[in-house]
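# Per-entry structural report
One letter stands for each residue in the lines below.
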Amino acid sequence: MKLIRRMSLTSRIGLLFFLLSLLVFSGVGTYLYRSLAAQLELRDDQELIGKISLMRHLAEESDKVAAIRQDPHYFLDAAASHDRLIIMLKDMQGNIILHTNSDQGSLPSIAVLPFEMSPTAKSITLLWTSSGLTARALAAQGKLRSGEKIVIVVARTASDRMELLKTHRVEIGLAALCGTLLAALLGYFIVRRGLRPIKLIAGQASSITAHRLDTRLDITSAPQELHELVQAFNAMLDRLDASFQRLSQFSADLAHDLRTPLNNLMVQTQVALVQARSVEDYQGLLISNVEEYERLAHMVESMLFLARAEHTHVMLNKSALSMQEELERIADYFEGLAEEAGVNIVVEAGGKVYADAILLRRAIGNLVANAIRYTSTGATIFLKGGMTAEGATVMVGNPGPGIAAEHLPYLFNRFYRGDAARSNFATSTGLGLAIVQSIMVLHGGKVMVKSEENAWTEFSLIFPSH
């Protein structure tokens, strides 16, 4: 089995074709051999029946048993051209009148057909002579002119036709083997040529590198049976290319977002070290630096959370939570920030949600923080919760500039910068919506967004039922 596993696909199919050809040729050869043997045996039996009928006729032409003993040439002439044919004549007391080809051995006693019965193939008996030869024999009564009856036995140890078939048995086997080898060899080359498109596809695939992910396999050069495989491979390349582009963009965005607070820290510290400062100046510098450090720490913590969430290393502590209480808790938490931005938060909720309390608050908190940033002064943010056919649903909606439709599919990507105006906040890390989506994936739920430009934006968190 290990050897077969190491073989190439062409060799495997070639070996399978060889075994199949061997089976077919052997089966056909065996069938033809047996069929021919049966036909030849049938002809020999018919000849045997014809001989015993001839012997009966010759007996009817003879006067007495003594005349046959004295002049048996008629019977001898009937067997003259058959050296494998045994003719035995006996009287009714079992005494031998005539026995041709006695060198092939004597015959055992077999059933004798009465004179009134005509011989058939079923009357023929397979036996062994005293010399160990197999023979097919037929015995029947014959009647002389005088009314005496004799026993006529005709046997054939082997026919020329059957001997010829035996000599050709080996040749038939060799012919079947040669035919099998030839068919297997031709099948191997046919399979090898038929699998050539796979090698071409493999060559195209090997030319695809990390820097050439935009290359696709040519489906027109592939046979019809491989179109589905080529399409699946190209679709995989599309996903890899998109993931690689997102990763590259993510690395660039991460470097950009880390550079800003680091530059602020370095520039402010260098300016402060140029000359001596007052205690108040140093305190102000430290306060500013702490804010930048907090921003960096928040960004790092968010990245660690996303990394753990992707590898399901975040343990969930689910419980049944009142949506009214949770939404009011979040509204109270953001009350100060909302008042500062000049917006209102209204809660309308009912029912329970089965979720991890800390992660639920974090997901809704991220949505509320975004809503406050993009809601016009004097407008109202709505927090709604309820049970739907899909499960427990939490909705965060706000009026504002909205989000263009082309940005919606990428909104939950890390550091996505579809709209520069939506990322100019110093407190934003660009990871809030990515964290929301990760939290929903951990809960087996989903997040949806609907937005109309300069009108209304609505995020919905759908949690599966308990």
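Throughout, a residue's number is its position along its own chain's written sequence, starting from 1. Confidence filtering applies because this is a predicted model: local features only for residues at pLDDT of at least 70, side-chain atom pairs given and counted only at 80 or more, and all residues used for totals across whole chains, interfaces and linings. For the side-chain quantities, the full set of heavy atoms in the structure was used; hydrogens and water were omitted.

### A short note on the packing of helix H12 (residues 357-373) against helix H13 (residues 432-442)
- All axes here are fitted lines through C-alpha atoms, helices being fitted over the stretch that makes contact, and every angle between N-to-C directions spans 0 to 180 degrees. Under the DSSP-based scheme used, a helix requires at least four consecutive residues in state H or I and a strand at least two consecutive residues in state E, with every element numbered from the N terminus. In the contact formed by H12 and H13, the axes pass within 9 Å of each other and the chain directions differ by 150 degrees. Taken together, the axis directions place H12 and H13 in an arrangement best described as roughly antiparallel. H13 is crossed by H12, and the crossing has left-handed handedness. Contacts from Leu359, Arg362, Ala363, Asn366, Leu367 and Asn370 in H12 reach Gly432, Leu433, Ile435, Val436, Ile439 and Leu442 in H13. Orientation is classified from the angle alone, with under 35 degrees giving roughly parallel, over 145 giving roughly antiparallel, 65 to 115 giving roughly perpendicular, and any other angle giving oblique. Here a crossing is called left-handed whenever its near helix is offset anticlockwise from the far helix by less than a right angle, and right-handed whenever the offset is clockwise. Contacts are assigned to residue pairs that have any heavy atoms within 4.5 Å of one another.

### Looking at unusual backbone geometry
- For asparagine 101, which is not glycine, the phi torsion reads 50 degrees and is therefore positive.
- Mapped onto the secondary structure, asparagine 101 falls in the loop between strand S2 (96-99) and strand S3 (125-128).
- Partly exposed residues are those whose accessible area sits between 20% and 50% of the maximum for their type, while under 20% is buried and over 50% is exposed, using a 1.4 Å probe and protein chains only. Here asparagine 101 falls in the partly exposed class, since its relative accessible area comes to 25%.
- Of note in this structure, asparagine 454 is not a glycine but carries a positive phi near 60 degrees.
- With respect to the helices, strands and loops of the structure, asparagine 454 is situated in the loop between strand S11 (446-452) and strand S12 (456-463).
- Since its relative accessible area comes to 65%, asparagine 454 is described here as exposed.

### Comments concerning the pairing of strand S10 (residues 392-399)
- Burial of S10 is extensive: 7 of the 8 residues sit out of reach of the surface.
- As defined by bridge partners, strand S9 (residues 380-387) adjoins S10 across 6 bridges and the pair is classed as antiparallel. What sits directly across from glycine 386, in S10, is threonine 393.
- Here S9 hands over to S10 after 4 residues, with glycine 391 in that stretch at a positive phi of 140 degrees. Whether two strands pair comes down to DSSP finding at least two bridges between them.

### Focus on the pattern of salt bridges
- Each salt bridge in this description consists of a side-chain nitrogen of Lys or Arg and a carboxyl oxygen of Asp or Glu lying within 4 Å of one another. Summed over the entire model, instances satisfying the criterion amount to 9 salt bridges.
- Notably, a salt bridge pairs aspartate 45 with arginine 136, separated by 2.9 Å at the nearest N-O pair. Taken together, the residues span a long stretch of sequence, with aspartate 45 in helix H2 (residues 9-61) and arginine 136 in strand S4 (residues 134-143) at a distance of 91 residues.
- Of the charged contacts, one joins glutamate 47 and arginine 156 as a salt bridge, the two residues approaching to 3.2 Å between their closest N and O atoms. Here the residue glutamate 47 occupies a position in helix H2, and arginine 156 occupies one in strand S5 (residues 149-156), the gap between them amounting to 109 residues.
- Note on glutamate 47: relative accessible area 25%, which makes it partly exposed.
- The exposure class assigned to arginine 156 is buried, which follows from its relative accessible area of 13%.
- Within the structure, one salt-bridge network assembled from shared partners comprises Glu41, Asp45 and Arg136.

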